[in-house]
Amino acid sequence: MNRQEIDQLVKQMNVDTATGEVDTRVQQIVVRLVGDLFQAIEDLDISQTELWKGLEYFTDAGQANELGLLAAGLGLEHYLDLRADEADAKAGITGGTPRTIEGPLYVAGAPETVGFTRMDDGSETDKIPTLFIEGTVTDTEGNIIPNAKVEIWHANSLGNYSFFDKSQSDFNLRRTVLSNTDGSYTAQTTMPVGYGCPPEGTTQFVLNKLGRHGNRPSHVHYFVSAPGYRKLTTQFNIEGDKYLWDDFAFATRDGLVATAMDVTDATEIERRGVKEAFKHIQFNVKLVKDAATAPSTEVDRRRVSA
Ligand code: MBD
Ligand code: FE
């Protein structure tokens, strides 16, 4: 079939058959996607068996709750970031910390403190270095933003995230810290290790078919929000990781690479109240003022709330 015949057929089956109330936006998207699928079947001569294997794949990926992971791995989530950047540029919005993907592993409801937070439950302090993350939240001109909500989450020494990894304590390595009156925040935690897709999972299954790995560099996620500012979804990725610029989720970006400095000075160790040398990362966040003309940065997606 040619495209005209395809579009005619899709319209006959999905538009002309309407007898009830129509959600015109959903109708528009369904008609387009079904037409594009039929076209791909034509162009690639996709067989019936291949089509059913594809649908079975989505069944399995959904049952495994891996569709969010698949969206990251196929670059869909990063593509949406690039589109959001483009929309911002068109609206004349510049500056501020770059955005990058949320990923599928956020959990709402983490414990909240002001200024300082201890993120780890202490179970890994003998295994991996302590990490102090410090930074300020400012506007794009450098004016401090007190009381900004800084939500931080990251993986443990095995690259696993609490809640999804039931062996970890509740909200381990997940915290909300409000910036101080001077705009600063400090998080004491443990060094994250890069995530790898479950090797027997549905996402890695398709990555294998593409000859791709499913690894992320060591990284730390952020949501940063404050009244009057655009919500920022971002991460820093840590210098020195072999996957820094080979991230299966394409989240590493210029301006989001952090260097973990070794701190060995005895007075610094004592001042921090830790026993040994530790790592230190500075991650300052610049928020962009909200404006009526600015595209929204709020994304409504299903998130776990524990
Ligand atoms: C992660 O930790 C992550 O950040 C993404 C994007 C996908 C899988 C695991
Ligand atoms: Fe992550």
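Residues numbered from 1 in each chain as written. Chains lettered and ligands numbered in written order. Predicted model: local features only at pLDDT ≥ 70, side-chain atom pairs only at ≥ 80, totals over all residues. Heavy atoms only, no water.

K.L.:
I keep staring at the environment of Ile269 and nothing clicks. Help me out?
P.N.:
Looking at the element boundaries, Ile269 is found in helix H7 (residues 266-272). Taking the C-alpha atoms as reference, Ile269 lies 32 Å from Arg253; in sequence the two are 16 residues apart. Those residues within four positions of Ile269 in sequence are excluded, and the remaining contacts are Val263, Thr264, Val274, Lys275, Glu276, Ala277 and Phe278. (Helix = DSSP H or I, 4+ residues; strand = E, 2+ residues; numbered from the N terminus. Contact = heavy atoms within 4.5 Å.)

K.L.:
Would you mind going over the nonpolar core with me for this structure?
P.N.:
Generally speaking, soluble globular proteins have nonpolar side chains that are buried together. Membership of the largest hydrophobic core comes to 27 residues, with the highest contact counts inside it found for Ile133, Ile152, Tyr222, Phe236, Phe283 and Leu287. Within the residue set of this core, elements represented by two or more residues are strand S4 (130-139), strand S5 (149-154), strand S7 (184-190), strand S8 (219-225), strand S9 (232-238) and strand S13 (285-287). Filtering out sequence-adjacent residues up to four positions away, Leu287 remains in contact with Val137, Thr138, Asp139, Thr140, Ile145, Val224, Ser225, Ala226, Tyr229, Arg230 and Leu232. Ranked by size, the runner-up nonpolar core spans 16 residues in total, among them Tyr161, Cys197, Phe223 and Ala249. (Core = buried A, V, L, I, M, F, W, Y, C linked by side-chain atoms within 4.5 Å. Buried < 20%, exposed > 50% of the residue type's maximum accessible area, 1.4 Å probe, protein only.)

K.L.:
Help me understand the coordination of the iron ion (ligand 2), please; the structure alone is not making it clear to me.
P.N.:
Metal coordination angles have textbook ideals: 109.5 degrees for a tetrahedral set of four donors and 90 or 180 degrees for an octahedral set of six. Within the protein, Tyr161 (OH), His219 (NE2) and His221 (NE2) serve as the donor atoms for the iron ion (ligand 2), at 2.0 Å. The sequence motif formed by the donor residues of the iron ion (ligand 2) is Y-x57-H-x1-H. Overall, the relative accessible area of 4% leaves His221 in the buried class. (Donors = N, O, S within 2.8 Å, 3.2 Å for Na, K, Ca; no water.)

K.L.:
Sorry, what's going on with the sheet that holds S5 here?
P.N.:
Strand pairs in the sheet, formed through backbone hydrogen bonds, run parallel or antiparallel to each other. Read from one edge of the open sheet, six strands run S2-S6-S5-S8-S9-S10, paired in mixed fashion. At either margin of the open sheet sits one strand with a lone partner, and together these are strand S2 (112-114) and strand S10 (257-258). Relative to S8, S5 runs antiparallel, the two being bridged by six bridges. Within S8, the position partnered with Lys149 by the bridge is Ser225. (Pairing = 2+ DSSP bridges.)

K.L.:
Hey, could you run me through empty space enclosed by the protein in this one?
P.N.:
Over the atoms, a rolling probe the size of a water molecule traces out where space has been left empty. Following the criterion strictly, the structure yields two cavities of 30 Å³ or more and no others. The volume enclosed by the largest cavity comes to roughly 110 Å³. Elements with a contribution of two residues or more to the lining of the largest cavity: helix H4 (67-73) and S8. Approximately 40 Å³ is the volume found for the second largest cavity. At the level of secondary structure, the elements contributing two or more residues to the lining of the second largest cavity comprise S5 and strand S6 (174-178). (1 Å grid on protein atoms, 1.4 Å probe; cavity = no way out; pocket = protein on both sides within 12 Å on 5 of 7 lines; lining within 4 Å. Points joined across faces, edges and corners; volume = space filled by probe spheres on them.)

K.L.:
I'm lost on the site of ligand 1 in this one. Help?
P.N.:
Around ligand 1, the neighbouring residues are Leu69, Ile101, Gly103, Pro104, Leu105, Tyr161, Tyr195, Arg216, His219, His221 and Ala249. One nitrogen or oxygen atom from the side chain of Tyr161 is found 2.8 Å from an oxygen atom belonging to ligand 1. A distance of 3.2 Å is found between an oxygen atom of ligand 1 and a side-chain nitrogen or oxygen belonging to His219. About the coverage of ligand 1: the protein hides 100% of its 260 Å² of free accessible area. Residue composition of the shell around ligand 1, by class: seven nonpolar, three polar and one charged. (Near = heavy atom within 4 Å. Polar contact = N/O pair within 3.5 Å; in protein donor to acceptor, adjacent residues only side chain to side chain. Areas by Shrake-Rupley, 256 points an atom, 1.4 Å probe, with all protein chains shown as cover. Nonpolar A, V, L, I, M, F, W, Y, C, P; charged D, E, K, R; others polar.)

K.L.:
Can you walk me through the domain arrangement of the protein in this structure?
P.N.:
Often, the extent of an interface is quoted as the loss of accessible area on bringing the components together. The domain boundaries assigned to the protein delineate domain 1 (1-46) and domain 2 (71-297). For domain 1 versus domain 2, the separation of C-alpha centres amounts to 40 Å. (Domains from an automatic or database assignment.)

K.L.:
I'm lost on the pairing of S6 in this one. Help?
P.N.:
Remember that side chains alternate between the two faces of the sheet whenever the strand is regular. The buried fraction of S6 is high, at five of five residues. A two-sided burial pattern is seen for S6, the buried positions comprising Arg174, Thr176 and Leu178 on one face and Arg175 and Val177 on the other. Judged from the five bridges that link them, S5 and S6 form a sheet pairing that is antiparallel. Along S6, the bridge assignment pairs Val150 with Val177.

K.L.:
Could you clarify how one ought to interpret the environment of Asp36 in this entry?
P.N.:
Mapping Asp36 onto the fold places it in helix H2 (residues 24-44). Along the sequence, Asp36 and Gln204 sit 168 residues apart, while their C-alpha atoms lie 26 Å from each other. Among the polar contacts made by the side chain of Asp36, one reaches the side chain of Arg3 at a distance of 2.9 Å.

K.L.:
Would you mind showing me how to read the packing of aromatic side chains here?
P.N.:
The relation between two aromatic rings is expressed through the spacing of the ring centres and the mutual angle of the planes. Throughout the structure, instances matching the rule amount to twelve aromatic pairs. With centroids separated by 5.3 Å and ring planes inclined at 80°, the aromatic side chains of Phe163 and Phe164 adopt a geometry described as edge-to-face. When the ring of Phe236 is compared with that of Phe283, the centres are 5.1 Å apart and the planes differ by 55°; the resulting orientation is tilted. Taken together, the residues span a long stretch of sequence, with Phe236 in strand S9 and Phe283 in the loop between strand S12 (278-282) and S13 at a distance of 47 residues. (Phe/Tyr/Trp six-rings, centres within 6.5 Å; stacked < 30°, edge-to-face > 60°.)

K.L.:
How should a negative patch on the surface be read in this particular structure?
P.N.:
Residues Glu5, Glu42, Asp43, Asp45 and Glu50 make up a contiguous surface patch of negative charge. One can find Asp45 in the loop between H2 and helix H3 (48-63). Classification of Asp45 as exposed rests on a relative accessible area of 65%. (Patch = residues over 30% accessible without salt bridge, like charges linked within 9 Å, V, L, I, M, F, W, Y side chains within 5 Å. Salt bridge = Lys/Arg side-chain N within 4 Å of Asp/Glu carboxyl O. Lys, Arg positive; Asp, Glu negative; His and termini not counted. Charge placed at Lys NZ, Arg CZ, Asp CG, Glu CD.)

K.L.:
Before we go on, may I ask you to explain unusual backbone geometry in this structure?
P.N.:
A negative phi holds for most residues other than glycine; trans holds for most peptide bonds. Unusually for a residue other than glycine, Phe171 sits at a positive phi of about 60°. Mapped onto the elements of the fold, Phe171 is located in the loop between S5 and S6. Overall, the relative accessible area of 15% leaves Phe171 in the buried class.

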